[in-house]
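# A structural walkthrough
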Amino acid sequence: MVATLVAPKARETVTDFAVRDGAVLTTLLGYSTADVPSCCPDVKETAKWQWRNGTFVRSTPGNAQNV
């Protein structure tokens, strides 16, 4: 099975990745605006996906924080 959880156009980088109790947990680094340089992400959020009905479903909203 292969799945893309974070779309490339989202400009987010996964920094932590774990699988616990059937869920994928990650920490994502991203950008508050398109003007932020790719070298310097300024937003950090946690995300959780769970397998449901043959696909991964994001089960937590983004908890974005400025870094």
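Model, not experiment: these values are computed from the prediction. Counting of residues starts from 1 at the beginning of each chain's written sequence and follows it residue by residue. Predicted model: local features are reported for residues with pLDDT of at least 70 only, side-chain atom pairs are reported and counted for 80 or more only, and whole-chain, interface and lining totals are derived from all residues. For side-chain calculations, the full set of non-hydrogen atoms in the structure is used, while hydrogens and water are omitted.

### Things to note about the side chain of Asp-42
- Checked against the element boundaries, Asp-42 lands in the loop between β2 (23-30) and β3 (43-52).
- Partly exposed describes any residue whose relative accessible area lies between the buried limit of under 20% and the exposed limit of over 50%, with all areas from a 1.4 Å probe on protein chains only and scaled to the type maximum. In this tally Asp and Glu are treated as negative and Lys and Arg as positive; neither His nor the chain ends contributes. Any Lys or Arg side-chain nitrogen found within 4 Å of a carboxyl oxygen on Asp or Glu counts as a salt bridge. Of the side chains with opposite charge, Arg-11 lies nearest to the buried Asp-42, which makes no salt bridge, at 7.9 Å.
- Any N or O atom pair separated by 3.5 Å or less is treated as a polar contact, with the protein-specific requirement of one donor-capable and one acceptor-capable atom, and with residues adjacent in sequence counted only for side-chain atom pairs. A distance of 2.6 Å separates a polar atom in the side chain of Asp-42 from a polar atom in the side chain of Ser-32. The numbering of helices and of strands both runs from the N terminus, where a helix is a DSSP run of H or I of at least 4 residues and a strand a run of E of at least 2.

### Topic: the pairing of β3
- With eight bridges joining them, β2 and β3 adopt antiparallel strand pairing. Bridge pairing links Thr-26 to Ala-47 in β3.
- Two strands are counted as paired when DSSP detects at least two bridges linking them. As paired elements, β3 and strand β4 (residues 55-58) share four bridges and run antiparallel to each other. When the sheet's bridge partners are listed, Trp-49 is paired in β4 with Arg-58.
- Taking the residues between adjacent antiparallel strands as the criterion, β3 and β4 are bridged by two residues, where Asn-53 takes a positive phi near 50°.

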